[in-house]
Structure formats: C-alpha cells, structure tokens
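Structural overview
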Amino acid sequence: MRIARFSIDGNVAFGAVEGDKPDELVLDIIKGIPFADFELSGTKVPLSQVRLLPPVLPNKVVAFGRNYAEHARELGNEVPEAPFAFFKPSTSVIGPGDEIAYPSFSQELHHEAELAVVIGRMCREVPRERVKDVILGYTCANDVTARDVQRREKQWARAKGFDTSCPLGPWVETDVDPGDLTIQLTVNGEQRQLGRTSEMIHPIEDLIVNISEAMTLLPGDVILTGTPAGVGPLNVGDEVAVTIEGIGTLTNKVIKRG
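What counts, and at which threshold
- Residues numbered from 1 in each chain as written.
- Predicted model: local features only at pLDDT ≥ 70, side-chain atom pairs only at ≥ 80, totals over all residues.
- Heavy atoms only, no water.
- Helix = DSSP H or I, 4+ residues; strand = E, 2+ residues; numbered from the N terminus.
- Polar contact = N/O pair within 3.5 Å; in protein donor to acceptor, adjacent residues only side chain to side chain.
- Contact = heavy atoms within 4.5 Å.
- Pairing = 2+ DSSP bridges.
- Core = buried A, V, L, I, M, F, W, Y, C linked by side-chain atoms within 4.5 Å.
- Buried < 20%, exposed > 50% of the residue type's maximum accessible area, 1.4 Å probe, protein only.
- Salt bridge = Lys/Arg side-chain N within 4 Å of Asp/Glu carboxyl O.

1. Remarks on the side chain of Asp 98
By the element assignment, Asp 98 lies in the loop between strand S8 (93–94) and strand S9 (99–102). At a separation of 3.1 Å, a polar atom in the side chain of Asp 98 contacts the side chain of Arg 51. Those residues within four positions of Asp 98 in sequence are excluded, and the remaining contacts are Arg 51, Asn 252 and Lys 253.

Structure (structure tokens):
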C-alpha cells in the first residue's frame, strides 16, 4: 500500500494511493492514522486535487553517513567499520513539490539521494530478527547538504540540519522489499546518481539495531540509510528528483533563501 499525507480544503489527512497511471491516481481517505489499525473510508479524491505533504512528521530523523563505499571514497573519507549516525531536526523536513531554500551561509549545496525507512511503532533495543516488525514502510529522501559548511565546521548540525534540507516523499510504500532497489537522482533531467540499495555497507537491519540500542524510536520517525556515489552541486533554479524503484519520485526545486 502507498500511504500519502495530504491537504485538501484546509484539512490534513492520510490516504491510500490507488492506480497506476500518474494522471489517474486517486486517494482513498484513511479513517484514523497509519500507525494503528485503520480502515479505508471509501471516499476517494483525485491526487491532482490535493497537495501532497511530507508523508510523516517525524519526531526525529536519524541519518547514517558513509554507508555506500564509493560515496565515502569520492569525498576522501574512510569506510566506517560501524554505522555512523547523525541527526536532522524535524524542522528540516519538507514534502514533494516543496522548495529547497539555498542557505545564505553556504556556497556549495549538494544533493544526496537516499532510501528512507519510516518507523511504524514505538520500539527500543530491537533485535535483528524483529526489525521488519517495527517498520511501516519506505519513502524517498534527499539529504541536502551544505558541503562547504560540513568541511569547515567538522560537525554536521548546520550543514545537514538547516530548514528544508530533508525532502521526503512522495508517499510511504508499505509493500516493497528494500534489499536491492535502484536509487537514482536527476538534476534538471540529467542523471547524477545511480546505485542500488544492495550496495549499502550496513543493511537496514543493522542500522535500526544500532540506533535503537541507544534511543527509543517513535511512530513516524525516519531513518536515512546513506547515499550512493555521484553527489554534486545544486544551484538556485535547479529541479532535483529522487526516484527509487517500487516507491516513486520525489521532486523539489531549489530557490534563493528569502
């Protein structure tokens, strides 16, 4: 099931996305929220008549860096022996079609296409064999990074946590095997990144075991799983699109920060 979060006539709701052709997609409005038992209402609205929002509003976004060997090497970094985590605040999250505001304190903004894991239930110290039980589904993400600030400041709070630096969407896909999916990114239609999720150094199970040893994960929390090689610059006016096989495409435009 594809679960979207959307607004229509000033109201916000979740809905199940139905259909195959982009111009014929409809939303069956969900009674309740997707983190508990829910029913489809049978009330359907065309996707073209709503505004898609970030598919979840996470309490926290836990991101794992350097989880693809070629990406680590392209930036001159060693491949980490253990998962390497950092955070993006909830205020960094935007949805499909929202604008990425180029931060005024950076002159080198980069894109990073990533598979995002959406947590479906409260959990802590999750054993590896139970990881699938705590996952609601998967979505596309762009770990937008002020690369010059990252290099200069060493720690990554500002470089990766600024407002609009975490586009998510277009929806959460609950029925896909994330083990070997194509992940790609284009800028103005030109391919920049192309990889497969099977190239991760540390698989999803290891990432969730690692972070849940330290902290409680809440429904709607998001885990970013790293980016394949090919990261590069974004400029004002660029349209950047992340596409993950079996999930969909997340598209955002870069604007000058007002």
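From this point on, the discussion continues.
2. Thoughts on the environment of Asp 23
As for its placement among the helices and strands, Asp 23 is situated in the loop between strand S2 (11–18) and strand S3 (26–31). Sequence separation between Asp 23 and Leu 47 is 24 residues, and the spatial gap between their C-alpha atoms is 8.2 Å.

3. Description of the sheet that holds strand S13 (residues 145–146)
Adjacent strands of a sheet form backbone hydrogen bonds with each other and so pair up, either parallel or antiparallel. Across the sheet, three strands lie side by side as S13-S10-S18; this open sheet has antiparallel pairing. Sheet topology places S13 and strand S18 (232–234) at the edges, where each strand pairs with a single neighbour. Relative to S18, strand S10 (residues 109–111) runs antiparallel, the two sharing three bridges. In the strand pairing of S18, Leu 109 is matched with Leu 234.

4. With respect to the nonpolar core
Grouped together as the largest cluster of nonpolar side chains are 43 residues, with contacts concentrated most on Ile 208 and Ile 223. Those elements giving two or more residues to this core turn out to be strand S6 (61–65), S9, strand S11 (113–119), strand S12 (135–142), strand S15 (182–187), helix H4 (204–212), strand S19 (239–244) and strand S20 (248–256). Residue contributions to this core peak at five residues, all from H4. Discounting chain neighbours no more than four positions away, the residues touching Ile 223 are Val 62, Phe 64, Leu 115, Ala 116, Val 117, Ile 119, Ile 208, Ile 211 and Leu 217.

5. Things to note about the pattern of salt bridges
The full count for this structure, using the stated rule, is 15 salt bridges. For the salt bridge of Asp 221 with Lys 60, the shortest nitrogen-to-oxygen distance reads 2.8 Å. With Asp 221 in the loop between H4 and strand S17 (222–224) and Lys 60 in the loop between strand S5 (51–52) and S6, the pair connects residues that are 161 residues apart, well separated along the chain. Assigned by exposure class, Asp 221 and Lys 60 land together as buried. Across the salt bridge formed by Arg 196 and Glu 245, the nearest N and O atoms sit 3.5 Å from each other. With Arg 196 in strand S16 (residues 190–196) and Glu 245 in the loop between S19 and S20, the pair connects residues that are 49 residues apart, well separated along the chain. Residue Arg 196 is classed as partly exposed on the basis of its relative accessible area, which comes to 29%. A relative accessible area of 40% places Glu 245 in the partly exposed class. Look at the salt bridges and you will find they share partners, linking Lys 88, Glu 112, Asp 143, Arg 147 and Lys 160 into a network.

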